[in-house]
Amino acid sequence: MKKLAESGFAAADSANGVSFYKNATTNIEVAFYDEKKAFYALPNSEDPLAWGRFDYLTDKDKAGLIVPYLGKYATGELITLAEQYHGNHLNKVTSNEATGVYVFDVTDTTKGYTEIRYWLDQKTKSQLEEAAIYFDEDKRPTTDEIATYMNYLGLKYTSLKDASDGSQIYFNYQKKFVAYLSMDKPEDTDTVFAPNIHFTFNDLSAQMPPETVTIPEPITDFNTMTLNEAVEKYKKLPYYTGTEDDGFGGALGIIVTTSSPDFPKILLMEDSGKYLAAFLLPNNAMTLRSPSIKDWLTEKGYEYNAKASILPTYISKDNKVMAQFDIDGAIAGMPCLVFQPKE
């Protein structure tokens, strides 16, 4: 310890046989593992994937819920060090260190935590590849808590689901890691329900929707003008490039073409001689799953309403317009983002 002090390290924290010493000049921290008399020199960082991040990030201004140790490709020794620091104990019955599976019972159950699991790579059993935090089914996190958690970790909701278990997929487009959210109780009562958030370091970029898209904002003054009058207003918008037939001799309406590479067309429809709806037609269905559309709608004053329709629906602040994600083409026979009067 004397040598650490001479090298500019000062005691920072200590708990459950794990002590930390930090050097403000070099931004390096040293973890001293009393039980094994071992030292680990690591970068001092709160980055969720950093080897030196031992904080669970549960503070209100951070993730709010436990973020397991996610030192990408870290060793089993560091995983054990992190969990011992928090007072959690290795469950020797459910763990199997020979196959690289570590299960820790969580001491602090105030938020419904039950256990944290880690999986090392199958080839060498030496590198962290997956981690998960489990919850009591009666103490699952709220929707707002999950939103705060994912936002802090830079994980975007993709609207995609894992085919094997139906868990919702969140993806960090910059750091290329995944969170699978499993919080919905299965209808099959014989299925063991273990609510969890499961992390992997898989780069699913090729399978993910685009992180951002360019959205041509439609005119939403519905039932106030004819279809032709609406077209004249569209001509004044910066993204307008022209009009074209709907392919059915005008039976559906008029198509406005745009400069957006993501939504190149908008189908305008009428009812009783009045402009009634705008269907933003994407270049492909995956575009509709872009997390940026939800952000854009929120910025425009729309709020998600789970009870409005079987389709994902956002309602405008004045309660006059609704925007619906019709990924399967149930309304117009083609994937689209529909803007129409609120029912």
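Residues numbered from 1 in each chain as written. Predicted model: local features only at pLDDT ≥ 70, side-chain atom pairs only at ≥ 80, totals over all residues. Heavy atoms only, no water.

(A) Seen up close, the nonpolar core. Counting 47 residues, the largest nonpolar core has Phe54, Tyr69, Tyr118, Tyr149, Met150, Ile197 and Phe199 as its most contacted members. A per-element tally of this core places helix H2 (residues 76-85) first, with 5 residues. Those residues within four positions of Tyr118 in sequence are excluded, and the remaining contacts are Pro68, Tyr69, Ile79, Glu83, Gly100, Val101, Tyr102, Phe104, Leu128, Glu130 and Ala131. Counting 29 residues, the second largest nonpolar core, distinct from the first, contains Val213, Met225, Ala230 and Leu268. (Core = buried A, V, L, I, M, F, W, Y, C linked by side-chain atoms within 4.5 Å. Buried < 20%, exposed > 50% of the residue type's maximum accessible area, 1.4 Å probe, protein only. Helix = DSSP H or I, 4+ residues; strand = E, 2+ residues; numbered from the N terminus. Contact = heavy atoms within 4.5 Å.)

(B) Broad picture of the side chain of Glu29. Mapping Glu29 onto the fold places it in strand E3 (residues 28-33). Residue class for Glu29 comes out buried when judged on its relative accessible area of 3%.

(C) Representation of the pairing of strand E2 (residues 18-23) within the structure. In terms of burial, E2 is largely enclosed, as 5 of its 6 residues are buried. Here strand E1 (residues 10-15) runs beside E2; their pairing, made up of 5 bridges, is antiparallel. In the sheet register, Ser14 faces E2, and the bridge partner there is Ser19. Note: E2 against E3, 6 bridges, orientation antiparallel. Note on E3: the bridge partner recorded for Val18 is Tyr33. Adjacent in sequence and paired antiparallel, E2 and E3 are bridged by 4 residues, among which Asn27 carries a positive phi angle near 55°. (Pairing = 2+ DSSP bridges.)

(D) Inspection of the pairing of strand E15 (residues 265-271) at higher detail. Two strands pair when backbone bridges link them, and strand E14 (residues 254-258) and E15 are joined in this way by 4 bridges, in the antiparallel orientation. Paired with Thr257 across the strands is Lys265, a residue of E15. The turn linking E14 back onto E15 is made up of 6 residues. With 7 bridges joining them, E15 and strand E16 (residues 274-281) adopt antiparallel strand pairing. The residue of E16 that forms the bridge with Lys265 is Leu281. Between the end of E15 and the start of E16, which pair antiparallel, lie 2 residues, with Ser272 showing a positive phi angle near 55°.

(E) Highlighting the environment of Asp162. In this structure, Asp162 sits in the loop between strand E9 (156-161) and strand E10 (168-172). With a relative accessible area of 22%, Asp162 lands in the partly exposed category. With 82 residues separating them in the primary sequence, Asp162 and Glu244 have C-alpha atoms 39 Å apart. Among the polar contacts listed, one links the side chain of Asp162 to the backbone nitrogen of Asp165, at a separation of 3.4 Å. (Polar contact = N/O pair within 3.5 Å; in protein donor to acceptor, adjacent residues only side chain to side chain.)

(F) Structural view of the pattern of salt bridges. Applying the stated rule across the entire model yields 12 salt bridges. For Glu29, the salt bridge goes to Lys22, with nearest N and O atoms at 3.9 Å. Classification of Lys22 as partly exposed rests on a relative accessible area of 34%. Lys185 is the salt-bridge partner of Glu137, the closest N and O atoms lying 3.0 Å from each other. Separated by 48 residues along the polypeptide, Glu137 in the loop between strand E8 (128-135) and helix H3 (143-152) and Lys185 in the loop between strand E11 (177-182) and strand E12 (196-200) bring together distant segments of the chain. One salt-bridge network, in which partners are shared between bridges, spans Glu46, Asp55, Asp59 and Lys62. (Salt bridge = Lys/Arg side-chain N within 4 Å of Asp/Glu carboxyl O.)

In short, geometric facts, not functional conclusions.
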